[in-house]
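Summary of structural features
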Amino acid sequence: MQLGVNVPNFGPGTDPGILREWARLAEDLGFGTLMVSDHVAVTPDVAVRYPEPFYEPFTTLSWLAGLTTTVRLGTTVLILPYRHPLLVARMAANLHQLSGGRFVLGAGVGWARQEFEALGVPFTARGRLTDECLGVLREARDAGRPEGDVPLWVGGHSEAALRRAVKFGDAWHPLRLSLPHMRAVLERHALPGFAPRIALRVTSAPVDASDRLAGVGTVEQILDDLDQLRLLGADTVVLDPYHGDPEATRRPDAAWRALTTVATHWSTRS
């Protein structure tokens, strides 16, 4: 099982130099995947948690592809209804080819109603539009076109998202859930693969809350979470050290220390 890292590509502390340092850290620590988020119009509902500057994911990952050699590059998650399906397919295929086959397309339906309105995309149609885009990507695979080579992780944990993962995806890609929640879903559904993104918050004392998110707690708790996720069939687990405070992007050292601690301990037991 590989570990990945979700890199903040937004916020007041993020700039090209910091993004370069994130990429260097990911490769130096042996992370298998580096992923970034997606927003197009940073409307007020988005800006509360993910403010400007917000670096567009395809542009950012294309640039990072030239600065890295081994780490896979991905989106967690690309909001499919924001772009035409043929454009998504073309950009994904090009990035996959230009990076030497290192792109992973994590995809979702989106949640920011004001952003949908700003882009002129019907919020209530986002599920249908997502299915249409996923269908185009799957048709490309069936036809042997380059777009079909891109691994497709389907995000979300609603029943509709799980149906999409089964029908279209190479893996289910849930975001920041508890271990019991993920285990229950996997027991109910025959999913094609499993590649969760979990929170990463290292604490000095154990976290005993019944609703504890996977990845939150002492180093021992986090390592046990990773062991449990491996037993559940996870191929990749993406660690997400961002917890909703944009000012934290000015202080990436705390996130880097947490990632270094977990990666170092994990390498000795995996």
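Here is what the cut-offs are and how they apply
Each chain has its residues counted from 1, running along the sequence as written. It should be noted that, the model being predicted, local features are given only for residues of pLDDT at least 70 and side-chain atom pairs only at 80 or more, the latter also being counted only at that level, while totals for whole chains, interfaces and linings use all residues. In computing side-chain values, all of the structure's heavy atoms are included and hydrogens and water are not. UniProt positions are given in the numbering used here, feature names are shortened, and annotations may be inferred rather than shown by experiment. For the purposes of this entry, the term helix denotes a DSSP run of H or I that reaches at least four residues, the term strand denotes a run of E that reaches at least two, and both are numbered from the N terminus. Throughout this description, buried means an accessible area under 20% of the type-specific maximum (1.4 Å probe, protein chains only), exposed means over 50%, and partly exposed covers the range between. In this description, contact between two residues means that some pair of their heavy atoms is separated by no more than 4.5 Å. Here, a salt bridge means any Lys or Arg side-chain nitrogen found within 4 Å of an Asp or Glu carboxyl oxygen. The pocket and cavity definitions rest on a 1 Å grid over protein atoms only: a 1.4 Å probe that fits but cannot leave marks a cavity, an open set with protein on both sides within 12 Å along at least five of seven lines marks a pocket, and residues lining either have an atom within 4 Å of a point. Grid points are joined across faces, edges and corners, and a volume is the space filled by probe spheres set on the points. In this classification, the charged set is Asp, Glu, Lys and Arg, the nonpolar set is Ala, Val, Leu, Ile, Met, Phe, Trp, Tyr, Cys and Pro, and all remaining amino acids, among them Gly, are polar.

The name given to the protein chain in an unreviewed UniProt entry is F420-dependent oxidoreductase, with Streptomyces rubradiris as the source organism.

**Considering the UniProt feature "domain: Luciferase-like" (unreviewed entry) in the protein chain**
As annotated in UniProt, the feature "domain: Luciferase-like" (unreviewed entry) corresponds to residues 13–188 in the numbering used here. Helix makes up 48% of residues 13–188 and strand 14%, and the two end C-alpha atoms of the span are 41 Å apart.

**A few points about the side chain of glutamine 221**
Mapped onto the elements of the fold, glutamine 221 is located in helix H9 (residues 219–231). Taking relative accessible area as the criterion, glutamine 221 reaches 16% and is therefore assigned buried. If sequence neighbours within four positions are ignored, glutamine 221 has contacts with Pro206, Val207, Arg212 and Val216.

**Quick word on the side chain of serine 99**
Within the element layout of this structure, serine 99 appears in the loop between helix H4 (85–98) and strand E4 (103–108). When near neighbours in sequence (up to four residues on either side) are disregarded, serine 99 contacts Ala65 and Leu73.

**Let's talk about the pattern of salt bridges**
The final tally for this structure, using the stated rule, is 17 salt bridges. We note a salt bridge from arginine 188 to glutamate 159, for which the minimum N-O separation is 3.6 Å. Here the residue arginine 188 occupies a position in helix H8 (residues 179–188), and glutamate 159 occupies one in helix H7 (residues 159–168), the gap between them amounting to 29 residues. The closest approach of N and O atoms between aspartate 227 and arginine 269, which form a salt bridge, is 2.4 Å. With a gap of 42 residues between them, aspartate 227 in helix H9 and arginine 269 in helix H10 (residues 253–269) connect regions that are remote in the sequence. Assessed through its relative accessible area of 40%, arginine 269 is described here as partly exposed. Among the ionic contacts, a cluster of salt bridges with common partners joins Glu21, Arg24 and Asp28.

**Digging into the layout of surface pockets**
Counted as a void, the largest pocket has a volume near 580 Å³. In this structure, the largest pocket is lined by 29 residues; those nearest its centre are Val77, Ile79, Trp111, Leu175 and Arg197. For the lining of the largest pocket, the elements supplying multiple residues, two or more each, are strand E3 (72–79), strand E5 (152–155) and H7. Of the residues in the lining of the largest pocket, the class split is 12 nonpolar, 11 polar and 6 charged. As a volume, the second largest pocket reaches approximately 290 Å³. Lining the second largest pocket are 19 residues, and of these Pro241, Ala248, Arg251, Ala254 and Ala255 lie nearest its centre. Mapped by element, the contributors of at least two residues to the lining of the second largest pocket are helix H1 (16–28), strand E8 (201–202) and H10. Among the residues forming the lining of the second largest pocket, the class breakdown is 12 nonpolar, 4 polar and 3 charged.

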